[in-house]
Amino acid sequence: MNVQTIMTNLEAKHPGEKEYLQAVREVLESIEEVYNQHPEFEKAKIVERLVEPDRIFKFRVVWVDDQGQVQVNLGYRVQYNAALGAYKGGLRFHPKVNESMLKFLGFEQIFKNSLTNLPLGGGKGGSDFDPVGKSDEEIMRFCQAFMYELWRNIGPDQDSPAGDVGVGGREIGYLYGAYKKIAREHSTGALTGKSYGWGGSLMRPEATGFGAIYYVVRMLKEKGEDIKGKTIALSGFGNVAWGAATKAVELGAKVVAISGPDGVCEIPGGINMEMINYMLDMRASNRNKVEDMATKFPTLCKFTAGKKSWSVKCDIACPSAFQNELSEADAKELIANGVQYVAEISNMGCQAEAIHAIQAAGIPFGPGKAVNAGGVATSGLEIAQNAAHYNWTAEEVDQKLHKIMNDIYDMCVQYGKQADGSINYVKGANIAGFMRVANAMMAQGII
Ligand code: GLU
């Protein structure tokens, strides 16, 4: 494989699909060496097949808002690769959603799901619907309209969506209710992230953040360090930041920053449980303003408009909101302020130049597809429980999640260990994820 030739062809075929091309380049660059040691991959055109989704559904979603106005949005589902199992991946509702964004997320999902060692293919979907400022009824009507179209293409053995940015427990409830009504399929794993009591798994809401902190703990251990007493900057205040903050605080770390599109909330004394719980109210309000935290806890937090979490001095930086949220300039500011570890909890949270700057400074960098894989892994555990018509206890799920994260970490080390003894976690995650998919594709023939 010649990465440049492949990229030039892809750029010509998919002009302007910035995020998609960025994600593909990052993976190809790190698997190139290993790939070229396998002439059978080249012969079977594994990479050329892997970079194009199996199929993309794109559809119109029409709904009526509270003022009686008809609204029209676009909906998508990218079914990327099913070599390892039925398509699996979240739905993102955000005004910036387009095909490029969902292709990047779907492509990343293939390798992330592969890392979990569960039988999960890769997919992603969503809509340019903006949940900010919408009423509960509007959210419900939109979810129902979205499912009118999507229901035919999903199912536990076909494709099982879950949440992502803008899609949490409430949205999954409305989507699942609509799916059951239309498809007349009940108690199935057609969607994950359901609430406990009607098919959901205990620990699924916590899983992405908990899993990420389990991974970060291993990164620290590699250097003989403990998370206790370390300061952590998170971004966003959604489900991922909430889970990460909960586990970090439990382990004695200090979360000193969260953020929103409006700015950053600095928390010099560290976030407490009352504030962590308030993050849930902030999300439910659909206001999307982190300033609300400072308004509620004025003596504990300081809000600065227009600033990011990366301006706050910390030991560990964890982007946990949106792709490309950490730029090269942000990385340099973090490095100047003495950051010791960076771990992406969001998907592709760091721009490529930021990753290069962090790695060049000798700072361990954990990529999203490994660090945040606990979310989809627990979705896999939810499907397993649904299929068995059984529920595991929170301890059982957490134990399995912890083992999966430890195994992912070990695989990243196995494939990412460099000659000088340092670990390139990006390379490790990409190669480990890729090999499993490539071997499955080889075994299943030219399809
Ligand atoms: N959206 C999450 C992710 O990026 C979860 C996907 C899932 O649970 O299917 O992995």
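It should be noted that the structure appears before, not after, this text.
Residues numbered from 1 in each chain as written. Predicted model: local features only at pLDDT ≥ 70, side-chain atom pairs only at ≥ 80, totals over all residues. Heavy atoms only, no water.

Details of the overall build of the chain
Phase 1: Summing up its helical and strand segments, the chain has 17 helices and 12 strands in all.
Phase 2: Compactness check: the chain gives a C-alpha radius of gyration of 21 Å against a globular reference of 22 Å for 447 residues, within 12% of the reference.
Phase 3: In terms of its C-alpha atoms, the chain occupies a principal-axis envelope of roughly 60 × 60 × 45 Å.
Phase 4: Out of the 447 residues in the chain, the part that is buried amounts to 57%.
Phase 5: For the chain, the accessible surface area stands at approximately 17,800 Å², while carbon and sulfur atoms represent 51% of it.
Phase 6: Distance from the positive charge centre (47 side chains) to the negative charge centre (52 side chains) of the chain: 2 Å. (Helix = DSSP H or I, 4+ residues; strand = E, 2+ residues; numbered from the N terminus. Rg over C-alpha atoms; globule rule 2.2 N^0.38 Å. Buried < 20%, exposed > 50% of the residue type's maximum accessible area, 1.4 Å probe, protein only. Areas by Shrake-Rupley, 256 points an atom, 1.4 Å probe, with all protein chains shown as cover. Lys, Arg positive; Asp, Glu negative; His and termini not counted. Charge placed at Lys NZ, Arg CZ, Asp CG, Glu CD.)

Details of the environment of E149
Phase 1: Here E149 lies in helix α6 (residues 136-150).
Phase 2: Separated by 89 residues in the primary sequence, E149 and R60 place their C-alpha atoms 8.2 Å from one another.

A look at the pairing of strand β3 (residues 87-93)
Phase 1: Across the 7 residues that make up β3, a large majority, 7, are buried.
Phase 2: Judged from the 4 bridges that link them, β3 and strand β5 (residues 159-162) form a sheet pairing that is parallel. Bridge pairing in β5 links G90 to A162.
Phase 3: Of the strand pairs in this sheet, β3 and strand β4 (residues 122-127) are connected by 3 bridges, and their pairing is parallel. Across the sheet, L91 pairs through a bridge with G125, a residue of β4.
Phase 4: A crossover connection joins β3 to the parallel β4 through helix α5 (residues 99-115); in handedness this β-α-β unit is right-handed. (Pairing = 2+ DSSP bridges. Right-handed = clockwise from strand over helix to strand, strands pointing away.)

A look at the site of the ligand
Phase 1: In the vicinity of the ligand lie 14 residues, with K88, K112, G163, D164 and S379 positioned nearest.
Phase 2: K112 places a side-chain nitrogen or oxygen 2.8 Å from an oxygen atom of the ligand.
Phase 3: S379 places a polar side-chain atom, nitrogen or oxygen, 2.5 Å from an oxygen atom of the ligand.
Phase 4: When the free accessible area of the ligand is taken as 300 Å², the share hidden by the protein chains comes to 94%.
Phase 5: For the shell around the ligand, the elements supplying multiple residues, two or more each, are β3, α5 and α15 (373-388).
Phase 6: Here the shell around the ligand is built from residues that sort into 2 nonpolar, 7 polar and 5 charged. (Near = heavy atom within 4 Å. Polar contact = N/O pair within 3.5 Å; in protein donor to acceptor, adjacent residues only side chain to side chain. Nonpolar A, V, L, I, M, F, W, Y, C, P; charged D, E, K, R; others polar.)

Comments concerning the packing of aromatic side chains
Phase 1: By the definition in use, this model includes 19 aromatic pairs.
Phase 2: Their ring planes at 45 degrees and their centres at 5.8 Å tell us that Y35 and F41 sit as a pair that is tilted.
Phase 3: Taking the relative accessible area as the measure of exposure, F41 reaches 1% and is therefore buried.
Phase 4: For the pair F93 and F142, a centre-to-centre distance of 5.1 Å together with 90 degrees between the ring planes defines the contact as edge-to-face. Taken together, the residues F93 in strand β3 and F142 in helix α6 connect sequence positions 49 residues apart.
Phase 5: Take F93: its relative accessible area is 1%, and that puts it in the buried class.
Phase 6: By relative accessible area, F142 is classed as buried at 0%. (Phe/Tyr/Trp six-rings, centres within 6.5 Å; stacked < 30°, edge-to-face > 60°.)

Everything listed is a geometric property; what it means functionally is a separate question.
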